Amino acid sequence: MNRRNLLRTGGAFAALSLIAAPLRAAPTAHNITISKFKFAPNKINVRVGDTITWTNEDGAPHTATAKDESWDTGTLKKGETSEPITVTAQMNKDYFCRFHRGMKARLRIKK
């Protein structure tokens, strides 16, 4: 095979591999609001690599804390926004507020 045909063939394989490779969406930044003692949205679809921030609009302090306590926003006072938390495949999906245990929500994590 001459060099010209080799280059042509290599280019075709490279093009096919790009077509066959799954396209991964860029990570998304999600925002969850805490208002009226509820997380909104209460259930959210996220992907591994996305980030989530929580903003407290209530007068009372709140947290977003994993059910197994593996991640936590820390205490958020009125008007405060958490540091972004990056979604991982192993991340606990259920979370609550440490101060108000009846406040619960869930992440739906897709790979």
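Please refer to the structure higher up on the page.
Since the structure is predicted, the reported quantities are computational estimates derived from the model, not experimental observations.

Caption draft 1: Broad picture of the sheet that holds strand 8 (residues 104-110). Pairing is mixed across the open sheet formed by four strands, whose spatial order is 3-8-7-5. The sheet terminates laterally at strand 3 (43-47) and strand 5 (65-66), the two strands that pair on one side only. Bridge count for strand 5 against strand 7 (residues 94-96) is two bridges, and the pairing is antiparallel. The partner of Thr-65 across the bridge, within strand 7, is Phe-96.

Caption draft 2: Unusual backbone geometry, seen in detail. Between Ala-40 and Pro-41 the backbone carries a cis peptide bond, its omega angle lying at 0°. Secondary-structure assignment places Pro-41 in the loop between strand 2 (38-40) and strand 3.

Rules and cut-offs
Residues numbered from 1 in each chain as written. Predicted model: local features only at pLDDT ≥ 70, side-chain atom pairs only at ≥ 80, totals over all residues. Heavy atoms only, no water. Pairing = 2+ DSSP bridges. Helix = DSSP H or I, 4+ residues; strand = E, 2+ residues; numbered from the N terminus.

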